[in-house]
Number of protein chains: 2
Amino acid sequence: MNQPTEPKADKSGVRRHNLSLVLRTVHEAGETTRAAVAARVGLTRPAVSSLVEQLLDLGFLVESGKTFSGQAGRPGTVLKPADTGSAGLGVEINVDYVTVCVVDLTGTDRVRHTERLDNRAAAPDVLTRAARIAAQALDAAAELRLAPAGAGLALPGLVSGGAVRQAPNLGWNEVDAERLFGDALAALRPGTKGLPLTSDNEANMAALAELRFGTHGDLRTFLHLTGEIGVGGAIVVHGELLRGAHGFAGEIGHLVVDADGPRCRCGSRGCLEQYAGQAALVGAAGATGVPDLVRRAEAADPRALAALGDAGRMLGRALSGAVNLLDPEAVVLGGIYPRLMPWLAPALADELADRVVSGLWTPDAGRLRPASAATDASRGAAALVLHDVLADPLAYAPTTDD
Amino acid sequence: MNQPTEPKADKSGVRRHNLSLVLRTVHEAGETTRAAVAARVGLTRPAVSSLVEQLLDLGFLVESGKTFSGQAGRPGTVLKPADTGSAGLGVEINVDYVTVCVVDLTGTDRVRHTERLDNRAAAPDVLTRAARIAAQALDAAAELRLAPAGAGLALPGLVSGGAVRQAPNLGWNEVDAERLFGDALAALRPGTKGLPLTSDNEANMAALAELRFGTHGDLRTFLHLTGEIGVGGAIVVHGELLRGAHGFAGEIGHLVVDADGPRCRCGSRGCLEQYAGQAALVGAAGATGVPDLVRRAEAADPRALAALGDAGRMLGRALSGAVNLLDPEAVVLGGIYPRLMPWLAPALADELADRVVSGLWTPDAGRLRPASAATDASRGAAALVLHDVLADPLAYAPTTDD
């Protein structure tokens with residue numbers, strides 16, 4: 001703080017760092033002024049102006065109109081992150097759909113393509129399909145003058161080193177996902193060759209989306225569940241994902257809720273997923289899908305209500321264990337669960353109240369929450385890309401002639 | 001590194017920091033020379049010599065004999081941490097015993113008093129008893145010319161802010177443990193008035209002891225269980241305790257292993273503690289205590305073997321969930337479990353193999369370990385005190401006349 005920039009050391013680490021500092025400050029504020037940025041980051045006005053000029057030239061920021069700050073002094077020009085230029089490409093491959101989104105530097109989801117399809121197929125085919133959807137999304141983004149700075153892949157299973165180690169719900173083992181996706185995308189759109197790729201478990205990506213774009217901004221330590229065909233889990237501690245020794249932490253879908261229950265794809269019996277996963281829940285309710293399940297529940301169909309009550313109870317049983325272990329501020333439920341909360345929540349809350357060591361859970365304080373709207377794993381994947389751009393904008397600057 | 005000391009700034013933060021750096025280096029090495037310290041910390045020989053002289057004067061280090069380093073050069077004088085002077089007082093209050101230990105700067109447990117007694121009594125009485133045992137241990141330590149730099153309290157329950165929030169196995173709620181213990185000790189030994197106190201859950205303290213003094217030095221991310229009357233748990237991630245949002249993480253003893261099982265003191269049913277806690281296990285085996293249980297198991301008594309097999313299976317069921325959530329390198333079992341491993345381990349290992357998502361557990365790689373000998377919660381409590389002394393020895397230096 002109060003560390004002046006060094007105008008002569010234009011390419012130095014200090015200036016790069018300060019460019020990132022200013023860009024992140026504008027990004028977090030949404031819109032602001034040079035004076036407010038200077039006050040916030042502790043640099044002089046002239047230093048901030050110089051940095052802002054460079055970020056405007058490079059297309060990371062735009063100016064729009066004048067504002068009165070409410071304080072004494074001249075009105076300032078409003079600064080905003082650009083809604084053109086560098087963007088994050090987020091790709092979620094799940095069991096029964098692929099979602100691709102393109103998120104601009106303002107954090108807005110500008111292009112979103114979702115295709116429902118059965119991905120329980122050979123990995124190269126699935127990743128080629130995902131690349132095709134991504135290529136079309138990038139075409140749409142190009143019309144909005146957005147170009148991907150990188151791509152994040154959200155994958156359902158154990159992910160490390162760019163590969164899916166194991167995804168029982170897809171039947172995948174040791175699938176080199178980043179390479180297969182990157183090659184397929186470069187074959188379709190040669191301009192993407194060399195695009196930086198990053199990948200993680202879809203549950204971790206969804207938790208990241210909640211952290212970066214969600215409305216639960218007060219939460220720093222929480223459990224995040226996503227109900228899909230499987231039940232994904234992620235653990236956030238002090239604002240960071242807890243990844244474990246090998247990067248595989250958070251497999252809450254395979255907590256045992258009934259030791260003698262039905263066999264699970266993972267090899268165990270009575271895993272949470274066998275009761276609260278989408279396939280199990282829809283099947284137990286005799287429904288054809290989640291919309292049909294909601295309709296049946298609204299019509300008080302006994303079988304649907306019983307299946308939802310059972311799923312809520314099993315969610316509560318698993319979550320009570322996770323809360324006892326991890327002492328989070330809250331549990332956030334995403335995926336199919338927010339729509340189903342009216343029917344899941346009563347049994348779920350009862351189990352938590354009964355089974356969490358009593359000092360650890362107060363049922364009345366907003367500790368059980370539906371995930372924020374528009375936070376899903378594809379947005380989390382795009383957030384990882386944007387994080388890299390914000391951390392070092394010069395590395396993503398368009399090459400210029402001078 | 002290579003940051004020279006500033007001899008004129010004798011009281012400065014830099015010199016305090018360097019004193020700590022040299023003391024910690026000698027402490028970690030056990031014994032070493034000035035030259036080896038200089039090479040290790042990146043300070044000059046004269047700077048290290050000056051720091052060492054001060055640490056010798058203040059009584060934190062001692063010299064003994066000469067060593068040949070095996071490299072070219074003069075033999076160096078051997079430096080060791082002093083086994084007199086500042087020591088850590090560790091106090092563990094558990095359901096059926098109190099242990100007090102005094103650990104010197106070499107890390108050696110010099111005085112250890114354990115008394116088996118029933119602590120399910122009023123908190124002031126129990127803490128007064130513990131203070132009496134601590135006072136006697138301090139008398140013995142004084143004869144060894146050791147003086148406490150502080151005291152750590154290891155307590156069975158949810159601990160925060162110096163107080164026990166809840167300890168179901170003791171029947172305590174909101175007990176101001178540090179104050180009660182400190183006042184009782186000061187009443188018995190007025191010289192301890194103002195002694196710095198710190199407190200934590202006994203399971204966390206046992207995990208800290210394993211980290212600092214244990215033989216599993218390779219482990220940085222692990223689960224640590226201690227079998228006592230209750231089953232304590234602690235989670236270590238990248239060498240640090242995971243404490244959760246309110247400091248209560250790690251309550252593995254209350255993971256549900258049989259949803260319809262017996263009622264637990266915590267209010268839930270079928271908690272791990274109801275099968276694998278000492279009281280439950282000894283009771284199910286029809287034994288009079290742990291030594292009797294071991295004798296019965298060695299004699300292949302069917303009831304003892306059945307109880308141990310059942311406890312192992314339930315431990316495995318709970319641990320499989322914890323491993324799925326946290327992806328640790330290993331699980332370390334302490335308290336009564338190391339003695340019982342021959343009978344617990346088979347069923348425990350089977351459950352882990354069956355129930356952990358398969359990429360996450362390889363049963364053959366030393367991932368299930370007994371706790372190291374001589375690592376218990378009282379040593380962990382003493383380690384916290386020693387950590388503070390090593391971090392800033394000047395703050396604990398005896399006052400001198402000059």
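The shown structure was predicted, so the numbers you read here are calculated from the model rather than taken from an experiment. (Residues numbered from 1 in each chain as written. Chains lettered and ligands numbered in written order. Predicted model: local features only at pLDDT ≥ 70, side-chain atom pairs only at ≥ 80, totals over all residues. Heavy atoms only, no water.)

(A) Expanded view of the relation of the copies chain B and chain A. Take chain B, turn it by 180 degrees, move it 0.0 Å along the axis, and it overlays chain A with an RMSD of 0.0 Å. Here the transformation between the copies is reduced to the relation of a two-fold axis. Interface residue correspondence from chain B to chain A reaches 100%, placing this contact among same-surface, isologous pairings. (Least-squares fit on C-alpha atoms with pLDDT ≥ 70 in both. Contact = heavy atoms within 4.5 Å.)

(B) Looking closely at the interface of chain B and chain A. The interface of chain B with chain A comprises 42 residues on the first partner and 42 residues on the second. Across the chain B/chain A interface, buried area totals approximately 3200 Å², and carbon plus sulfur atoms make up 63% of it. Applying the counting criterion to the chain B and chain A interface returns zero salt bridges. The tally of links between chain B and chain A comes to 20 residue pairs in polar contact (both at pLDDT 80 or more). When contributions to the side of chain B that touches chain A are tallied by element, the ones reaching two or more residues are β12 (231-237), α10 (302-326) and α11 (337-355) of chain B. The greatest single-element share of the side of chain B that touches chain A, amounting to seven residues, is contributed by α10(B). (Buried area = accessible area lost by both parts, 1.4 Å probe. Salt bridge = Lys/Arg side-chain N within 4 Å of Asp/Glu carboxyl O. Polar contact = N/O pair within 3.5 Å; in protein donor to acceptor, adjacent residues only side chain to side chain. Helix = DSSP H or I, 4+ residues; strand = E, 2+ residues; numbered from the N terminus.)

(C) How the structure looks around the packing of helix α6 (residues 202-213) of chain B against helix α12 (residues 377-391) of chain B. Residue and element names in this part refer to chain B. Two numbers describe how α6 lies on α12: the axes approach to 7 Å, and their chain directions differ by 65 degrees. Accordingly, the angle class assigned to the pair α6 and α12 is roughly perpendicular. The two elements α6 and α12 meet at a crossing, and its hand is left-handed. Each of E202, M205, A206, L208, A209, R212 and F213 in α6 lies in contact with α12, whose residues at this interface are A377, R379, G380, A381, A383, L384, L386 and H387. Its residues assigned to classes, the contact of α6 with α12 comprises 10 nonpolar, two polar and three charged. (Axes fitted to C-alpha atoms, helices over the stretch in contact; angles between N-to-C directions. Parallel < 35°, antiparallel > 145°, perpendicular 65-115°, else oblique. Left-handed = near helix turned anticlockwise from the far one by under 90°. Nonpolar A, V, L, I, M, F, W, Y, C, P; charged D, E, K, R; others polar.)

(D) Representation of unusual backbone geometry. Residues and elements named next belong to chain B. Phi angles above zero are rare outside glycine, and E174 is one such case at about 50 degrees. With respect to the helices and strands, E174 occurs in strand β9 (residues 172-175). Backbone geometry places A300, a non-glycine residue, at a positive phi of 60 degrees. Structurally, A300 can be placed in the loop between α9 (290-298) and α10.

(E) Seen up close, the sheet that holds strand β4 (residues 97-103) of chain A. Residues and elements named next belong to chain A. Ordered by their spatial adjacency, five strands build an open sheet running β5-β4-β3-β6-β10, and the pairing between neighbours is mixed. Each edge of the open sheet is held by one strand with a lone partner, namely β5 (109-116) and β10 (197-201). Each strand of the sheet is rotated relative to its neighbour by a mean of 20 degrees, with strand direction disregarded. Of the strand pairs in this sheet, β4 and β5 are connected by seven bridges, and their pairing is antiparallel. Across the sheet, V100 pairs through a bridge with H113, a residue of β5. Its contacts with the sheet put helix α5 (residues 177-188) on β3 (85-93), β6 (146-155) and β10, and the angle it makes with β10 is roughly 135 degrees. Relative to the sheet, helix α6 (residues 202-213) contacts β3, β4, β6 and β10, its axis offset from that of β10 by approximately 105 degrees. (Pairing = 2+ DSSP bridges.)

(F) A look at the packing of α9(B) against α11(B). Residue and element names in this part refer to chain B. Where α9 contacts α11, the axes come no closer than 11 Å and their chain directions differ by 30 degrees. When the axis of α9 is compared with that of α11, the two are roughly parallel. Between α9 and α11 lies a crossing of left-handed hand. For the pair α9 and α11, the contacting residues are V290, L293, V294, A297 and E298 in the first and R339, L340 and W343 in the second. Across the contact of α9 with α11, the residue classes tally to six nonpolar, no polar and two charged.

(G) Structural detail: the side chain of S372(B). Residue and element names in this part refer to chain B. Relative to the assigned elements, S372 resides in the loop between β15 (368-370) and α12. The exposure class of S372 is buried, given its relative accessible area of 7%. Looking at S372, its side chain comes within polar contact range of the side chain of E210, at 2.5 Å. Residues in contact with S372, not counting those within four places in the same chain, are E210, G214, T215 and H216. (Buried < 20%, exposed > 50% of the residue type's maximum accessible area, 1.4 Å probe, protein only.)

(H) Up close: the pattern of salt bridges. Tallying each qualifying case throughout the model produces 40 salt bridges over all chains. Linking D392(A) and R16(A) is a salt bridge whose minimum nitrogen-to-oxygen distance equals 3.1 Å. One end of the pair, D392(A), is in the segment after α12 (377-391); the other, R16(A), is in helix α1 (residues 13-29), and 376 residues separate them in sequence. In this structure R16(A) comes out as partly exposed when scored by relative accessible area, which is 30%. Taking the shortest distance from any N to any O, the salt bridge between R369(B) and D218(B) comes out at 2.9 Å. Within this pair, whereas R369(B) is found in strand β15, its partner D218(B) is found in the loop between α6 and β11 (222-227), the two being separated by 151 residues in sequence.

Geometric values such as these leave the question of function open.
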